[in-house]
Amino acid sequence: MAFTVTINEETREIDAPGDMPLLWALRQELGMVGTKFGCGIGMCGACTVHLDGQAVRSCSLPLSAIGDKKVSTIEHLAQSEVGQALQQAWLDDDVMQCGYCQAGQLMSATALLNNNATPSDDEIDAAMQGNICRCACYKRIKTAIAQVSRNEEDTANV
């Protein structure tokens, strides 16, 4: 079955079964390999993408459920100011070790800051819960998110 999906502001045709998870459509059908496979059951967060700005697990989202919603992937993250700021904070704070989970981590963090520019520590924890980092970089991830949040708050008060 053919699906027309808006991915990263581009209309794409995907000829695949409706029950194919978005993750596999992205990786296998479109060659977009930035979104990672982790657990396959939506528990680890490695496959996180945005669906109309909300963080979702693409490994458990069938193509047939997307409809006319817009998908954004890690390949598009730098197109937003928040995405750019988070990517820079990730580098500045030396967040990554192996890096495998980081696409999902960044997508979840971006969705958080796009919806709440100044989250509390508890809100950061809640938004990032379920994004598993095997290298245990959680403190650096939280620090980078908080840094971007403080910078946005400082800019808003100028």
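Residues numbered from 1 in each chain as written. Predicted model: local features only at pLDDT ≥ 70, side-chain atom pairs only at ≥ 80, totals over all residues. Heavy atoms only, no water.

Draft legend 1. Expanded view of the nonpolar core. Grouped together as the largest cluster of nonpolar side chains are 23 residues, with contacts concentrated most on Leu86, Trp90, Leu113, Ile141 and Ile145. With 6 residues, helix H3 (residues 102–115) is the single largest residue contributor to this core. The next biggest cluster of nonpolar side chains, apart from the first, holds 17 residues, and it includes Phe3, Val5, Ile7 and Ala25. (Core = buried A, V, L, I, M, F, W, Y, C linked by side-chain atoms within 4.5 Å. Buried < 20%, exposed > 50% of the residue type's maximum accessible area, 1.4 Å probe, protein only. Helix = DSSP H or I, 4+ residues; strand = E, 2+ residues; numbered from the N terminus.)

Draft legend 2. View of the pairing of strand E4 (residues 54–57). Bridge analysis of strand E3 (residues 48–51) against E4 gives 4 bridges, and the strand direction is antiparallel. Across the sheet, residue Thr48 finds its bridge partner in E4, namely Arg57. (Pairing = 2+ DSSP bridges.)

Draft legend 3. Broad picture of the sheet that holds E3. An order of E2-E1-E5-E3-E4 is seen for the 5 strands of this open sheet, with the pairing classed as mixed. Unpaired on one side and paired on the other, strand E2 (10–15) and E4 mark the two borders of the sheet. Between one strand and the next, the sheet's axes are offset by a mean angle of 40 degrees, whatever the strand orientation. The sheet contacts of helix H1 (residues 22–29) involve strand E1 (2–7), E2, E3 and strand E5 (70–72), and relative to E2 the element is tilted by about 95 degrees. The strands touched by H3 within the sheet are E3, E4 and E5, with E3 carrying the most contacts at an inclination of about 35 degrees. (Axes fitted to C-alpha atoms, helices over the stretch in contact; angles between N-to-C directions. Contact = heavy atoms within 4.5 Å.)

Draft legend 4. Layout of the packing of helix H2 (residues 81–92) against H3. The contact between H2 and H3 brings their axes to 10 Å, and the two run at 130 degrees. As the angle between them shows, H2 and H3 are arranged oblique. The handedness of the crossing between H2 and H3 is right-handed. Side by side, H2 and H3 meet where Val82, Gly83, Leu86, Gln87 and Trp90 of the first sit next to Gln102, Gln105, Leu106, Ala109, Thr110, Leu113 and Asn114 of the second. When the residues that make up the contact of H2 with H3 are grouped by side-chain class, the tally is 6 nonpolar, 6 polar and no charged. (Parallel < 35°, antiparallel > 145°, perpendicular 65-115°, else oblique. Left-handed = near helix turned anticlockwise from the far one by under 90°. Nonpolar A, V, L, I, M, F, W, Y, C, P; charged D, E, K, R; others polar.)

Draft legend 5. Structural context of H2. Between its first and last C-alpha atoms H2 spans 16 Å; for 12 residues at 1.5 Å apiece the expected length is 16 Å, and the two agree. At the exit of H2 stands Asp94, carrying a positive phi of roughly 50 degrees. (Expected span 1.5 Å × (residues − 1).)

Draft legend 6. Region of interest: the environment of Pro17. Among the secondary structure elements, Pro17 is positioned in the loop between E2 and H1. Taking the relative accessible area as the measure of exposure, Pro17 reaches 46% and is therefore partly exposed. Contacts of Pro17, omitting those with residues within four sequence positions, involve Phe3 and Leu63.

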